[in-house]
Amino acid sequence: MTRRVSLTRYLVEQQRADGRIPPQLRLLLEVVARACKRISFAVNKGELGDVMGTAGSENVQGEVQKKLDIIANETLIEANEWGGHLAAMASEEMEGIYVVPNRYPQGEYLLMFDPLDGSSNIDINMSIGTIFSVLKKPEGHPGVHDSDFMQSGSHQVAAGYCIYGPQTTLVLTVGDGVAMFTLDREQGSFILIEENVKIPEDTKEFAINMSNMRHWDAPVKRYIDECLAGEEGPRGKNFNMRWVAAMVADVHRILCRGGIFMYPWDKREPQKAGKLRLMYEANPMSWLIEQAGGAATNGRERILDIQPTELHQRVSVVLGSKNEVERVTRYHLEADQK
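Since we're looking at a predicted model, the values are computed, not measured. (Residues numbered from 1 in each chain as written. Predicted model: local features only at pLDDT ≥ 70, side-chain atom pairs only at ≥ 80, totals over all residues. Heavy atoms only, no water.)

### Focus on the environment of Val100
So, point 1. Position of Val100 among the secondary structure elements: in the loop between strand 4 (98-99) and strand 5 (109-117).
So, point 2. C-alpha of Val100 to C-alpha of Gly259: the two residues are 159 residues apart in sequence and 39 Å apart in space.
So, point 3. If we skip the residues at most four places from it in the chain, Val100 touches Glu81, Leu86, Ala87, Ala88, Pro105 and Gln106. (Helix = DSSP H or I, 4+ residues; strand = E, 2+ residues; numbered from the N terminus. Contact = heavy atoms within 4.5 Å.)

What follows is the structure, given as structure tokens:
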């Protein structure tokens, strides 16, 4: 690149170019980025910052919270509550919504986030990240309610994630393609490294937790068996498998070089539609993937078309290179017709 474009400059230029980013949304995205920068610094300190290990508590899903889960959640709330851009926030780590206190001006946007995706990787120094999604608050009634958040993913006005790995990289969409920014620690700002990210339609790489194979539904088994059969099998090519156990890292790899990520329904908890959260994980990641030319379904329908009915709704996820996602979806629909 011939010039170093900061996140702020990029957003301002996008705002001027086509008006896709209203001023208040631009400011909101800058605040989220600053919060992610603070989380990145906490992650990088590790044991030196007394942030490792469990916090001795559980989140609303009954999962053990890490110290960094709580730190990241509080960092995002404190950074965003006072700016006047938001009406309310919702987090994977909180049971209910967080309405902006009356002492601060209330804005027109709703922010949802998974403050620290991949918590199981914290103590072993592997990639983790923050995922976020922005909606417009519906007009027509005062106050803020849970129902305001019950919008399908197709209504998102911004979505992205920040991955804390060898570099800290922010990935963002406002509905006009996907852009990537890397944190320059000396300069203290996110610098544009790639615009118009595109995912190849075909791939030879899949990501899934193979230890759950015995619990999968038949269409998922069929697809993975075909991949494992390699050149001698019906696919006629060899596949590699990757699994980081952090959605943010697996999705980042797919955006960088293609692939398919699957976290399907399984028989261990048949009453649940899936494991991942629709509003904090699946919706923002699906929009990013689609904006990069990929596809994202729950095995049967487009994730961004799913109408949420509860704040912590779960969903099956199949996303990545378009042709592979369409194949898995077709296998599910064919199985339904038998």
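### Some words on the packing of helix 5 (residues 247-257) against helix 6 (residues 278-291)
Think of two packed helices as two axes; the pair is described by the angle between the axes and how far apart they sit.
So, point 1. Running from amino to carboxyl end, helix 5 crosses helix 6 at an angle of 10°, the nearest separation of the two axes being 11 Å. With respect to helix 6, the axis of helix 5 lies roughly parallel. Side by side, helix 5 and helix 6 meet where Met247, Val248, Val251, Ile254 and Leu255 of the first sit next to Glu281, Ala282, Met285, Leu288 and Ile289 of the second. (Axes fitted to C-alpha atoms, helices over the stretch in contact; angles between N-to-C directions. Parallel < 35°, antiparallel > 145°, perpendicular 65-115°, else oblique.)

### Topic: the packing of helix 2 (residues 23-45) against helix 3 (residues 67-80)
So, point 1. For the pair helix 2 and helix 3, the least separation of the axes is 9 Å and the interaxial angle reads 150°. One way to sum up the angle between helix 2 and helix 3 is to call them roughly antiparallel. Helix 2 and helix 3 meet at a crossing whose hand is right-handed. Seen from helix 2, the contacting residues are Leu28, Val31, Val32, Ala35, Arg38, Ile39, Ala42 and Val43; seen from helix 3, they are Leu68, Ala72, Thr75, Leu76, Glu78, Ala79 and Asn80. (Left-handed = near helix turned anticlockwise from the far one by under 90°.)

### Some thoughts on the domain arrangement of the protein chain
So, point 1. Partitioning the protein chain into domains gives domain 1 (5-195) and domain 2 (205-337).
So, point 2. The distance between the C-alpha centroids of domain 1 and domain 2 comes to 24 Å.
So, point 3. Domain 1 puts 49 residues into the contact, and the matching count from domain 2 is 32 residues.
So, point 4. On the domain 1 side of the interface with domain 2, the three residues burying the most area are Ile131, Met150 and Tyr161, jointly 20% of the side's total. (Domains from an automatic or database assignment. Buried area = accessible area lost by both parts, 1.4 Å probe.)

### Some remarks on the UniProt feature "binding site: Mg(2+) 1" (unreviewed entry) in the protein chain
So, point 1. UniProt feature "binding site: Mg(2+) 1" (unreviewed entry): in the numbering of this structure it lies at Glu92, Asp114 and Leu116. Across 25 residues in sequence, these annotated residues keep their C-alpha atoms within 9.2 Å of one another, forming a single compact spot.
So, point 2. Checked against the element boundaries, Asp114 lands in strand 5.
So, point 3. Apart from the residues within four sequence positions on either side, Asp114 is in contact with Glu92, Gly129, Thr130, Ile131, Tyr280 and Glu281.
So, point 4. The exposure class of Leu116 is buried, given its relative accessible area of 2%. (UniProt positions renumbered as here; feature names shortened; annotations may be inferred. Buried < 20%, exposed > 50% of the residue type's maximum accessible area, 1.4 Å probe, protein only.)

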